[in-house]
Amino acid sequence: MGKVYGAIDQRLSKFIEQQVVFFIATAPLSGDGHVNVSPRGLPGTFAVLDEHTFAWLDVTGSGSETIAHLRENGRITVMFCAFDGRPNIVRLHGTGRVVTRYDHDFGSLAQRFDDKPGARAVIVVDVHRVSDSCGWGVPLMSFEGHRDLLGPYFERKGVDGSADYRITKNRTSIDGLAAYDFDPAAPAVV
């Protein structure tokens, strides 16, 4: 049976930080827009900051839906599933904000995580609802390891190449919402 909690307690925090993958769900306000669900799982990029706040280091990727949706409306749900051991699903519902690598707070937040080439932002979420459910329908799966592709790719691109990538591929969401809209090398938005 599912349960709602008043905060991310120590037991839930331990469960969350043991998971090797988590899923992020966001959506635009428009009913015509696309709902986005993204997996995340780079080691050293997620942290529970306190009983009502968590954050993750967001690395440049092929899209920027999460950033666009958070900038438009802030709504986010993050889900953790146990794929081994005792079954469990934990969902954190909240309001997120984007702290880009060019924002004043980025350095102090980013130091909580492993240094990752291509890091573009820290996503900070204020949690309004914490719940878990049985997880009995989640399959048992074995973890083989992390893929070592994203880091070396952005390491080869370097700082300027990563900024160029964001300018080219991360400026808007698939629905045309403003997403990652600032990089020092970016041309002015008109």
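Use the structure listed above.
Criteria and cut-off values
- Residues numbered from 1 in each chain as written.
- Predicted model: local features only at pLDDT ≥ 70, side-chain atom pairs only at ≥ 80, totals over all residues.
- Heavy atoms only, no water.
- Helix = DSSP H or I, 4+ residues; strand = E, 2+ residues; numbered from the N terminus.
- Rg over C-alpha atoms; globule rule 2.2 N^0.38 Å.
- Buried < 20%, exposed > 50% of the residue type's maximum accessible area, 1.4 Å probe, protein only.
- Contact = heavy atoms within 4.5 Å.
- Areas by Shrake-Rupley, 256 points an atom, 1.4 Å probe, with all protein chains shown as cover.
- Salt bridge = Lys/Arg side-chain N within 4 Å of Asp/Glu carboxyl O.

Engineer: Outline the overall build of the chain, listing residues and values.
Structural biologist: Secondary structure summary: the chain contains 4 helices and 8 strands in total. Taken from the N to the C terminus, the helices and strands of the chain come in the order β-α-β-β-β-β-α-β-β-α-β-α. In terms of C-alpha radius of gyration, the chain reaches 17 Å, essentially the compact-globule figure of 16 Å for 190 residues. Viewed in the frame of its principal axes, the chain has a C-alpha envelope of about 50 × 35 × 30 Å. In the chain, which comprises 190 residues, the proportion classed as buried is 46%. Across the chain, the fraction of contacts at a sequence separation of at least 24, relative to all contacts at a separation of at least 6, is 70%. Split by element, the accessible area of the chain, about 10,500 Å² in all, is 53% carbon and sulfur.

Engineer: Talk me through the pattern of salt bridges; I want residue IDs and the actual numbers.
Structural biologist: By the definition in use, this model includes 4 salt bridges. Between R120 and D58 there is a salt bridge, with its nearest N and O atoms 2.6 Å apart. Taken together, the residues span a long stretch of sequence, with R120 in strand β8 (residues 119–133) and D58 in strand β5 (residues 53–59) at a distance of 62 residues. Note on accessibility: R120 and D58 belong to one class, buried. In this structure, the salt-bridge partner of D181 is R71, at a minimum N-O distance of 2.7 Å. On the criterion of sequence distance, the pair formed by D181 in the segment after α4 (150–169) and R71 in helix α2 (residues 65–72) is long-range, its members being 110 residues apart. Three or more residues joined by partner-sharing salt bridges are found here, namely R40, D58 and R120.

By themselves these figures say nothing about function.
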